[in-house]
Amino acid sequence: GAKMSRRRTDSQGSLGPDDEAMPYSDDETDDELAVSSEGEPEAPPGAPHPPVETRPSDMGWKVKANDRAYHQLPEFQKKVFLCIKKSRYSGNAIKTYKYNAFTFLPLNLYEQLKRAANLYFLALLILQIIPEISTLPWYTTLIPLVVVLGVTAIKDLVDDLARHRMDKEINNRKSEVLLNGRFQEAKWRDIQVGDVVRMKKNDFIPADILLLSSSNPNSLCYVETAELDGETNLKFKMGLRVTDERLQEERQLAEFNALIECEEPNNRLDKFLGMMLWNREQYPLELDNMLLRGCKVRNTEECHGLVIFAGADTKIMRNGGKTRFKRTKIDELMNYMVYTIFALLLLVAAGLAIGHTYWYEDIGSKAWYLYDGKDQDASYRGFLSFWGYIIVLNTMVPISLYVSVEVIRLGQSKFINWDLQMYFAEKDTPAKARTTTLNEQLGQIEYIFSDKTGTLTQNIMAFKKCTIAGRSYGKKKRCSSRNKKWINEPFSAPRQPVDWSWNRYADKKFQFMDNYLVAHVRSKKDRDAMEFFKLLSLCHTVMVENKDGELVYQAASPDEGALVTAARNFGFVFLSRTQDTITIREMDQETTYEMLALLDFNSDRKRMSIIRTNFPDGRIRLYCKGADTVIYERLAPNSRHKETTQTALDLIGATAIEDKLQDGVPETIAKLAKADIKIWVLTGDKKETAENIGYSCSLLTDDMQIHYGEDVNEKLSIRQANRRNEPQTVYRRKKKPAEPFFTQPGKNALIITGGCWLHDGKRSEMNSLPQIDFVDMACECEAVICCRVTPKQKANVVSLVKKYKKAVTLSIGDGANDVNMIKTADIGVGISGQEGMQAVMSSDYAFAQFRYLQRLLLVHGRWSYIRMCKFLRFFFFKNFAFTLVHFWYSFFSGYSSQVAYEDWFITLYNLCYSSLPVLLVGLLDQDVNDRLSLKFPKLYLPGQQGTLFNYKNFFISLFHGIFVSLIIFFIPYGAFLQTMGQDGEAPSDYQSFAVVTASSLIFTVNLQISLDTSYWTFVNCFAVLGSIAIYFGIMFDIHSAGIHVIFPSIFTFTGAASNALRQPYLWLTIILTVGISLLPVICIQFLHKTIWPSVGDKKYEMELEEKEKKKQPSAFQRGRRSRRSAYAFSHSRGYADLISSGRSIRRRPAARGGPQDSIREVPHREAENI
């Protein structure tokens, strides 16, 4: 057929914007696009297609059947590297892993050393080995560095081994290949382009294969495409007539030698063009002849096919998108802060080095007692002092920062995995955090992009209500809303579902609440009701199978299956069909109807009709079912005439089907909207269906103003025209904020079809302006629904928002068609549901139900963000407070890069003395519990705005650290200046001073973290007291005489601690220092809570308000009842062509209907479908 993307005029049947007027373009080139969208004349919908001129460039792929050597010819080689060449035809093995045994160490180390901090520590280690400038022993850096690199490497290794295992499993699957004239078993990875393959029922299809023949008549083959597009219903494919007739036997297949010319491998799932040359004849090929990798053969005993694309060339692999390395915003901030600290470090070290130069010239060189026997001049000593200070002050950039961050993230991931409230018992699926590096990003999400089918809905249809000849059936009769209180009183006993035991063909799973209709139909008095169910049992394209005496229906869409099942339960059982007859069982007698024509559903007609005869007098009758919009136009004026043209129909009735929303979807969406998260639904469905779903899951509400495609285009073109008229504004654009698109007050929602603006942003700058406009406009809306978008376009929407809004995005989906979008977003969530595991495999988080998303974001995400921010702020503070004491000390030590503490204290400070309490705050802290987090979604806002950790917080931590280090140094310094101990000896030596400052620091830091902890557990308490205890324990050990005797050169502070801490005077000094360090902080915190309370601090008032509200009864409001139509049978073409007389009236419909749609029944609003 012609190109998918040609524009068509609005078909008369569809009201409003046309579903199909979308260029379905994933990777068309610019010139091709230009041709496809403007150059082609617009044909009326019914007209036959003009023949398409295929340029030779389109058909660059040649495949010769049963001829492996042909594909190795030099003309099919492509250059790989320098002069190494390899065939352009990919093998069938796939590879998703990152490392192998040889590359693991070098690649992994390279990736880790790309982190600024790791590289910095490596450089420090090298500096510390140089004896000239080494002021601290080298092991203070080596041990932490090895631990960090080791932990991360092991984690990467485990991840990659899992990928290796999966690839191996897939590549070693078995398949039957025709080799040397007969079928032999071969592994998938050994299949090559041009091989003939035999597939059995329920096999996965190993590559993209041209269907040659199958065991079904007409070489039909049914496939389930769940892995590709997330739909569980069957699609049919068919072989060419010529191959069906001539290629059934093994011998015939072995002699098959056709040459296929087709398009190059691409990622479009909806299009395939090719030509088969065989025995000097040419046969056109299209998508219906292709079995795509990732699908499963169903209802077909066996089929044969020719491999066209293998491995990486297949459409499913082409759609995968690249695996991107995802980083969180906080990660980036942290890196920038490490650079900032590094810059500070260089400045401070340079300043102190200059100080040392001058000091040496003035004092050091003249003091005879400082003579060290080296003849180095002042500037050289200054230079050495610079490097010395870099080593001394290196703890400003703590190596344990990265280890601690990894540990915290790991812990938070475990909490997500262990959360019982995100465990789905029916399927036994717990939530799973598949990456451990993104948790705090979950607390900063601004946009959610969701798939519809299977993500918001269950993709299971149920027949709920119907109206026959103007009477409605299936409604639950309710008391009026005022009397809701009494609804459970004895006189309104709960309604029993219908008992189907009278009908041996009934489907036990089918539930219907209205017993009256069943009695009505069984009485056989009402002709309309009989006709209604007869129509449902005749007018469809369902295939039937007999499994162990049970009838199993295979429908082209779940909604069609639901209607036929309904008819079956009401006593009109569809039993079997041939090409031109249908046999049904009406109540208790079998009847066979002759079918004269079957006009199948497609997206223009939006209806399907069947013309049948079997009246005793041979009269002919037409049955038609379709969307209300289409049927109403075709009704006879008084709707009782018996004319049977398609413009004067009788209305028998209407049905209402529901594609059940997953539990809790509307509440979840409402919650997330309250947290100011914008939700976009991207779906392959048609507009009406998507809109209905939008209403029923409360994404769209009645108070929203809805804007459709044309409206949007008009606004965008006005904006562009204005820009052209005042060209100088382009330069001023950055200063002047753009005026909003929607000026009237109130909420806006956007529903657009297809995406001409969704191409890759590889165009010139001028072309990106419309994209920016589109994104700006969409982001002004509360809700956006994009219909009829391809997987590639889904990803493009996400990257547009990421690029122009710099916002944190999350994608959630469940089928392979969402993989690209899941990989593109900052965070990808897979739903482990009905459809394949593709989405889950490429996601960062996976769970079983959409409703768990609110807990993932509002509870786990928020907590992770708050914990991480608190952790980082405190971590920077404790390291500044610790390190800057050296800076103040240097003024009194001749800037000689002498350390203010003992070496061992420096080594152990970040490892033992101060790390545990902070780590536990990062793991366990909660400002409010999970119930309140969900109850007040507004608490989520600080994360989106990033207010808890940014440069402002960083500098506050820096100044807090400077303040504390000043006090910790100068109060003991003042106390030591003119003291006398009790025994007449002054404890004013350097070692006692080091002990006092170190002890003050440990107390201050551990008590400060206690002030910052909002959620106390036994563990936190233990950690704070334990850290202080460990400090004293280790210090007394290190300062003991025994250890000095064993290692005299390493442990030099013999007896310092026991001597100093004997003096009450020094204890008073420590208490004074700690008190003065903490008092200002306590005052500031108190003032902050009273004068500028944060959202979290207001929670208690919120609680009280809630209780007050509960006491007041709310005014009763009636919702506007609005009727929205969604034609249920909006599925792709059914099996009509095949059923009706094989080939006779088979004509290609103009375009394929999009992926299956569903009807939605809205609470309090019926979706009535005729």
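The structure displayed is predicted, hence computed values, not measured ones.

A. Inspection of the overall build of the chain at higher detail. Scanning the chain from N- to C-terminus turns up 36 helices and 34 strands. Out of the 1170 residues belonging to the chain, those deemed buried represent 56%. Long-range pairs, those at least 24 residues apart, make up 74% of the contacts in the chain between residues at least 6 apart in sequence. Roughly 52,900 Å² of accessible area belongs to the chain as shown, and the carbon and sulfur atoms make up 58% of that amount.

B. Up close: the pattern of salt bridges. Applying the stated criterion across every chain yields a total of 33 salt bridges. R68 is the partner of D195 in a salt bridge, and the nearest nitrogen-oxygen pair spans 2.5 Å. Pair noted here: D195 is in the loop between β5 (182–187) and β6 (196–200) and R68 is in the loop between β1 (61–64) and β2 (77–81), with a separation of 127 residues, a long-range link. Overall, the relative accessible area of 30% leaves R68 in the partly exposed class. Between R198 and E176 there is a salt bridge, with its nearest N and O atoms 3.3 Å apart. Of the two residues, R198 is situated in strand β6 and E176 in strand β4 (residues 174–179); the sequence distance between them amounts to 22 residues.

C. Seen up close, the packing of aromatic side chains. Counting across every chain of the model gives 64 aromatic pairs. Measuring from ring centre to ring centre gives 5.3 Å for F449 and W680, while their planes differ by 70 degrees; the resulting arrangement is edge-to-face. Separated by 231 residues along the polypeptide, F449 in strand β17 (residues 447–450) and W680 in strand β28 (residues 678–682) bring together distant segments of the chain. An identical accessibility class is assigned to F449 and W680; each is buried. For K64, the ring lying beneath its charged end belongs to Y70, and the centroid distance is 5.5 Å.

D. Region of the structure containing unusual backbone geometry. Phi at N202 is positive, roughly 70 degrees, even though this residue is not glycine. Within the chain, D428 stands out as a residue other than glycine whose phi angle is a positive 55 degrees. With respect to the secondary-structure elements, D428 resides in the loop between α11 (400–418) and β16 (432–433).

E. Molecular detail of the sheet that holds strand β14 (residues 296–298). Here three strands make up an open sheet; going across it, the order is β9-β8-β14 and the pairing antiparallel. Looking along the sheet, the strands with just one partner apiece sit at the ends: β9 (234–238) and β14. Neighbour-to-neighbour, the strand axes of this sheet turn through a mean angle of 45 degrees, independent of strand direction. In terms of strand pairing, strand β8 (residues 220–224) meets β9 through five bridges, oriented antiparallel. Bridging across to β9, V223 finds its partner in K235.

F. Main features of the sheet that holds β6. Taken in spatial order, the six strands of this open sheet run β5-β4-β6-β15-β7-β13, and their pairing is antiparallel. This sheet does not close on itself; its edge strands, each paired only once, are β5 and β13 (290–291).

G. Structural detail: the state of the cysteines. Taken as a whole and assessed by the stated rule, the structure comprises zero disulfides. Not part of a disulfide, C295 finds its nearest cysteine sulfur in C221, a span of 9.6 Å. Left unpaired, C786 is separated from the closest cysteine sulfur, that of C787, by 7.3 Å.

H. Region of interest: the pairing of strand β27 (residues 653–661). For β27, the buried fraction is high: eight of the nine residues fall into the buried class. Taken together, the eight bridges between strand β18 (residues 457–468) and β27 define a ladder with antiparallel strand orientation. Within β27, the residue paired with C466 across the bridge is T655.

I. Just empty space enclosed by the protein, in detail. A complete count under the given rule lists five cavities of 30 Å³ or more for this structure. For the largest cavity, the calculated volume is near 210 Å³. Taken together, 17 residues make up the lining of the largest cavity; nearest its centre are T140, N394, T395, I399 and N910. The set of elements that each furnish at least two residues to the lining of the largest cavity consists of α3 (116–129), α4 (139–171) and α25 (903–913). Broken down by element, the lining of the largest cavity gets its largest block of residues, four residues, from α25. A class-by-class count of the residues in the lining of the largest cavity yields nine nonpolar, eight polar and no charged.

J. Quick look at the environment of I906. Relative to the helices and strands, I906 resides in helix α25. Residue I906 is classed as buried on the basis of its relative accessible area of 7%. Aside from chain neighbours lying at most four places away, what touches I906 is L136, T395, F882, H886, V899 and Y901.

K. Broad picture of the packing of helix α24 (residues 852–890) against helix α29 (residues 951–977). Packing of α24 against α29 leaves a shortest axis separation of 7 Å and a crossing angle of 40 degrees. Our classification of the angle between α24 and α29 gives oblique. Note on packing geometry: the crossing formed by α24 with α29 is right-handed. In terms of residue class, the contact of α24 with α29 is made up of 16 nonpolar, five polar and one charged.

L. Spatial organisation of the pairing of strand β31 (residues 783–787). Counting buried residues along β31, five of its five residues qualify, which places the element largely inside the surrounding structure. What you see with β31 is no split at all: A783, I785 and C787 on one side and V784 and C786 on the other are buried throughout.

M. Quick look at the side chain of H304. By the secondary structure assignment, H304 is in strand β15 (residues 302–309). Ignoring anything within four residues of it in the chain, the contact list for H304 reads F183, V197, R198, L210, L211, L212, S213, L247, Q248 and L253.

N. Focus on helix α17 (residues 687–696). For α17, a buried count of nine out of ten residues is recorded, marking the element as mostly surrounded by other parts of the structure. By the burial criterion, the buried members of α17 are K687, T689, A690, E691, N692, I693, G694, Y695 and S696. In the core, the buried residues of α17 are packed alongside β18, β27, α16 (665–674), β29 (704–708), β30 (747–753) and β31.

O. Up close: the nonpolar core. Counting residues in hydrophobic clusters, the biggest one holds 99 residues, and the most contacted among them are L401, F871, L872, F905 and L1001. Looking at this core element by element, the count peaks at 17 residues for α24. With sequence-adjacent residues up to four places away left out, L1001 is seen in contact with A881, F882, Y901, F905, Y909 and I968. Judged by nonpolar contacts, the second largest core, of 54 residues, contains A65, A186, Y283 and L287.

P. Quick look at a nonpolar patch on the surface. There is a patch of nonpolar side chains on the surface, built from Y336, Y339, Y951, F955 and F959 and spanning about 540 Å² of accessible area. Breaking the nonpolar patch down by element, the ones donating at least two residues are α9 (329–364) and α29. Sorting elements by how many residues they give to the nonpolar patch places α29 first, with three residues. You can see Y336 is positioned in helix α9.

Criteria and thresholds
Position labels on residues start from 1 in each chain and follow its written sequence. Given that this is a predicted model, residues contribute local features only at a pLDDT of at least 70 and side-chain atom pairs are listed and counted only at 80 or more, while totals for whole chains, interfaces and linings are drawn from all residues. As a rule here, side-chain values come from all non-hydrogen atoms in the structure, and water together with hydrogens is ignored. Helix and strand definitions here come from DSSP, where helices need a minimum of 4 consecutive H or I residues and strands a minimum of 2 consecutive E residues; each element is numbered from the N-terminal end. Partly exposed describes any residue whose relative accessible area lies between the buried limit of under 20% and the exposed limit of over 50%, with all areas from a 1.4 Å probe on protein chains only and scaled to the type maximum. Any two residues whose heavy atoms approach within 4.5 Å at even a single point are treated as in contact. Per-residue and other accessible areas follow the Shrake-Rupley method at a 1.4 Å probe size, with only the shown protein chains counted as cover for residues. One side-chain nitrogen of Lys or Arg within 4 Å of one carboxyl oxygen of Asp or Glu is enough to make a salt bridge. Stacked, tilted and edge-to-face pairs are distinguished by plane angle, under 30 degrees for stacked and over 60 for edge-to-face with tilted covering the rest, among Phe, Tyr and Trp rings (Trp via its six-membered ring) whose centres lie within 6.5 Å. By definition, being over a ring means that NZ of Lys or CZ of Arg is both within 6 Å of the ring centre and within 35 degrees of the ring normal. Strands are treated as partners if at least two bridges between them are detected by DSSP. Each axis is a line fitted through C-alpha atoms, and for a helix only the stretch in contact is used; angles between axes span 0 to 180 degrees, taken between their N-to-C directions. Two cysteine sulfur atoms make up a disulfide if the distance between them is within 2.5 Å. Grid points spaced at 1 Å and placed over the protein atoms alone form the basis of the search, with a cavity being a set where a 1.4 Å probe fits but cannot get out and a pocket an open set showing protein on both sides within 12 Å along at least five of seven lines. Lining residues have an atom within 4 Å of a point. Grid points are joined across faces, edges and corners, and a volume is the space filled by probe spheres set on the points. For this scheme, ten residues count as nonpolar: Ala, Val, Leu, Ile, Met, Phe, Trp, Tyr, Cys and Pro. Four count as charged, namely Asp, Glu, Lys and Arg, and the remainder, Gly too, count as polar. An angle below 35 degrees is read as roughly parallel, one above 145 as roughly antiparallel, one from 65 to 115 as roughly perpendicular, and any other as oblique. Definitions for this section: a left-handed crossing has its near helix turned counterclockwise from the far helix by less than a right angle. A right-handed crossing has that turn clockwise. Put simply, buried Ala, Val, Leu, Ile, Met, Phe, Trp, Tyr and Cys residues joined by side-chain atoms within 4.5 Å make one nonpolar core. Each patch groups residues whose relative accessible area exceeds 30% and which form no salt bridge, using 9 Å between like charges and 5 Å between nonpolar side chains of Val, Leu, Ile, Met, Phe, Trp and Tyr.

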